[in-house]
Amino acid sequence: MKRRTGLILVAFLIFSCHPSGKSNSSAGINPYQYSIQKKTIAENGAVVSAHPLASKTGLEILKMGGNAIDAAIATQLALAVVYPQAGNLGGGGFMVARISDGEEIAIDYREMAPGRASRDMYIDWAGMAHTDKSQDGHLASGVPGTVAGIFAAAKYGKLPFEKLVQPAIDLAEKGFVIRQHEARALNGLQDELKKFNTIAPVFVKNSPWKEGDTLVQTDLANTLKRIRDQGPAGFYEGETARLIIEEMKRGNGIITYDDLKNYKAKLRTPHTFNYKGCKIIGMPMPSSGGVLVHQMMKMIGDRNIASMGFESEQAVQLMTEIERRAFADRAEYMGDADYYKVPVDMITNEVYLQERMKNYDPSKATPSSVIKPGVLLRAESKETTHLSVIDKDGNAVAITTTLNNSYGSKTVVGGAGFFLNDEMDDFSIKPGVPNMYGAIGGSANAIAPGKRMLSSMTPTIVLKDNKPFLIVGTPGGTTIPTSVFQTLVDIIEFNMTAEDAVYKPKFHHQWLPDTLEVEKGFPTAVREALQKKGYAFKERNSIGRTEVIKVLAGGKFEAVADNRGDDDAEGW
Ligand code: GLY
C-alpha cells in the first residue's frame, strides 16, 4: 500500500494548537453500552458519521496510527454493520479526499447497470413505467461498488486492511445493541422483508424489535471475513459472488458473475471551483452534486447575499430560485459522462449562469413551467449516509454512500447477510417519469448496460488558504446538493457556526415539483411572505443529516453531528 504523509500541517498543528476543552475518553468500544456525542473539538483527528459505534471505530483507527483514509474505511465498514439502512456492502458511493501532500482525489464506486439491463426494462407493453420494480426487489439492484471503492481508497491508507475491517467483523459477529431509531425502522420493514426475501434474513423477527435488543449478523461477519482474507475477490468472486447469483436466480434478478467480476471503482478528477477565496472540491459525474453546488454558488454571484441575512425572505427566495434553475439543468444535461457528453463547462460557465438568473424577479416566484415543462410528483424517503474525517496531518475525507432507499431493495443476499441496493431507480426509467425523489430525466440518464446512474450525493471538501477548512456531506436524495449548498452559504456567507449551519431548518427546491419544501421550524413569517409571492410550500419533518468538520482558526477541528438522527462526532 502507498504510504502518504503530511508534514506541513503537522508542524502547523503542533505549534498553534492548545489542549482541547473537551476530550473523548473512550478507550475501546463497548457495543452493548455506548452514548452519543453531538459535537467535539479535537486536535489530533475527528470523525462524524450516522452512528456512534461507527464514529468510535474510526476514532480508534486514528488513535492506532491510521490516517483519515484508514479511519474513513473502517467507519464505512462499521456502518455496513450497525447502520443497515444505508451503510452497506451491497450499494455504492463516492469518496472525495484531499491528501496532506495536496493531492485531490475522487473515487467513484457508484453501482453500475447490469450487462442485461436495457433502456426500457421497467416499461411494460402498454408504455407504463413500473417504479415498483426499479425501487424494490431483485430487479432494482445495480452491481454493487462499495467493496471495490474501499480497496481503491485503501491505497491512500497506512494500516493493513485486516485492522480496518476487524471492528466491523466483531460488531457483526458479537452483535451490538440497537437504538430506538433502528428498532422502529426494522419493525416498519417486516412486511417488505418477508415480501422481498426468499430466505428470511436476521432482521425478520416474530416479536417487535425494541431498543436494547442485540443484533448479531453471522452471515455478514462471514462475508466480511472473506473480504478480509481475499480482498475484492472475497466479494466479487468465489463464495460471496455465488451467494449473490443464487439470490438473483431465486428472485429473477439479472446480475451475473461477469457483472460482478468486471465491476471497477474509478479514480476520477474531482470537480473543483473557487468561491470567494475558498476552493471547493466536489464529486464529478456520475454525481450531479459537485456541478450543482458549483452552479448554485456561482448563481449567488455578486448579489451580496450576506447583507440579506440568514433565512431572511430575500435570501430564501434567491436560494430557492437558484436551486430551481440548477435542478432544471440536472434533469436535462446530467448523467454518467462515460456514456453521455455532459456539457459541464457550458453549464458552469459564469456568463451562462448569470443568464440563467436573468428572469429572476424578487417580487414573485418564477414558475417552474416558465423555466422548463415537466411532470409533478414526489415521494419522501430516508436513505444514504455521509461521513467526514480529518487527521492530524491534514488528510481530509468526505464519503457519501448509499443503498438508495432505506434498506435498498429490501432484499438481503441469502447466506451473505447484506442488503442489495435499489439504485436502478436513480436512472431515468422513462423520460418524464419521476424517480422516488421526484427527479425526472431523459437520455442523459437513460439506462444502458454498464452505465452508472446519476446521483445527487455531494461529498465536499472546502480549502481555505490551501488547507482543509470544511468537510461536508449529507444523505437526503435530491435534497443533498441543496443542503450542502445551504451549509456552505451559511458558513462562508453568513459566517454562522458549524452547529447552526447543521441544526437550523433547511429548505429545498428541485424545479419539479414546483414546491418549496421546508423543515418543521422554518420561520412562519418568511413562509407567509413567500406564499404571497406565489410559492407553494410543503413541510417535511427533516431534511438531510449533515455531518460537518470545520477547521477552526487555531487549527483545531470542530466536528458536528446532525441532531436529526443518532449521528455522532468523535475526536481526540
Ligand atoms: N441514491 C441517491 C443518490 O445517489 O442521489
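Procedures and definitions
- Residues numbered from 1 in each chain as written.
- Predicted model: local features only at pLDDT ≥ 70, side-chain atom pairs only at ≥ 80, totals over all residues.
- Heavy atoms only, no water.
- Near = heavy atom within 4 Å.
- Polar contact = N/O pair within 3.5 Å; in protein donor to acceptor, adjacent residues only side chain to side chain.
- Areas by Shrake-Rupley, 256 points an atom, 1.4 Å probe, with all protein chains shown as cover.
- Nonpolar A, V, L, I, M, F, W, Y, C, P; charged D, E, K, R; others polar.
- Core = buried A, V, L, I, M, F, W, Y, C linked by side-chain atoms within 4.5 Å.
- Buried < 20%, exposed > 50% of the residue type's maximum accessible area, 1.4 Å probe, protein only.
- Helix = DSSP H or I, 4+ residues; strand = E, 2+ residues; numbered from the N terminus.
- Phe/Tyr/Trp six-rings, centres within 6.5 Å; stacked < 30°, edge-to-face > 60°.
- Lys NZ or Arg CZ within 6 Å of the ring centre and 35° of its normal.
- Contact = heavy atoms within 4.5 Å.

Chemist: What is the right way to look at the site of the ligand in this model?
Modeler: Surveying the vicinity of the ligand reveals the residues Arg110, Thr402, Asn404, Glu423, Asp426, Tyr437, Ser455, Ser456 and Met457. Note that a nitrogen atom of the ligand is positioned 2.7 Å from one of the side-chain N or O atoms of Asn404. Between the ligand and Glu423, the relevant distance is 2.7 Å, taken from a nitrogen atom to a side-chain nitrogen or oxygen of the residue. Protein chains shield 99% of the accessible area of the ligand, which is 200 Å² for the free molecule. Here the shell around the ligand is built from residues that sort into two nonpolar, four polar and three charged.

Chemist: Would you mind going over the nonpolar core with me for this structure?
Modeler: Within soluble globular proteins, side chains that are nonpolar tend to cluster in buried spots. Judged by nonpolar contacts, the single largest core of 82 residues is most densely connected at Leu89 and Leu224. Element by element, the count of residues in this core is highest for helix α3 (residues 68-82), at 12 residues. Counting residues in hydrophobic clusters, the runner-up holds 80 residues, among them Cys278, Tyr352, Leu353 and Phe507.

Chemist: For this particular structure, what's the right way to read the packing of aromatic side chains?
Modeler: For any pair of aromatic rings, geometry is given as the distance between the ring centres together with the angle between the planes. The full count for this structure, using the stated rule, is eight aromatic pairs. Between Phe151 and Phe161 the ring centres are 4.4 Å apart and the planes differ by 40°, which places this aromatic pair in the tilted class. Within this pair, whereas Phe151 is found in helix α5 (residues 146-154), its partner Phe161 is found in helix α6 (residues 161-174), the two being separated by 10 residues in sequence. Neither residue differs from the other here; Phe151 and Phe161 are each classed as buried. Pairing Phe507 with Phe522 gives two aromatic rings, centres 6.0 Å apart and planes at 70°, and the pair type is edge-to-face. Within this pair, whereas Phe507 is found in strand β14 (residues 507-508), its partner Phe522 is found in the loop between β15 (516-519) and α19 (524-532), the two being separated by 15 residues in sequence. Taking relative accessible area as the criterion, Phe507 reaches 3% and is therefore assigned buried. Stacked on the ring of Trp209, the Lys or Arg Lys205 has its end atom at 5.1 Å from the ring centre. For Lys464, the ring lying beneath its charged end belongs to Phe469, and the centroid distance is 4.2 Å.

Chemist: Explain the environment of Lys430 here, please?
Modeler: The topology assignment puts Lys430 in the loop between β11 (396-402) and β12 (460-464). Taking relative accessible area as the criterion, Lys430 reaches 28% and is therefore assigned partly exposed. Residue contacts for Lys430: discarding those within four places in its chain leaves Ile123, Gly127, Ala129 and Gly441. Only 2.6 Å separates the side chain of Lys430 from the backbone oxygen of Gly127, close enough to count as a polar contact.

Take it as geometry only, folks, not as evidence of what the structure does.
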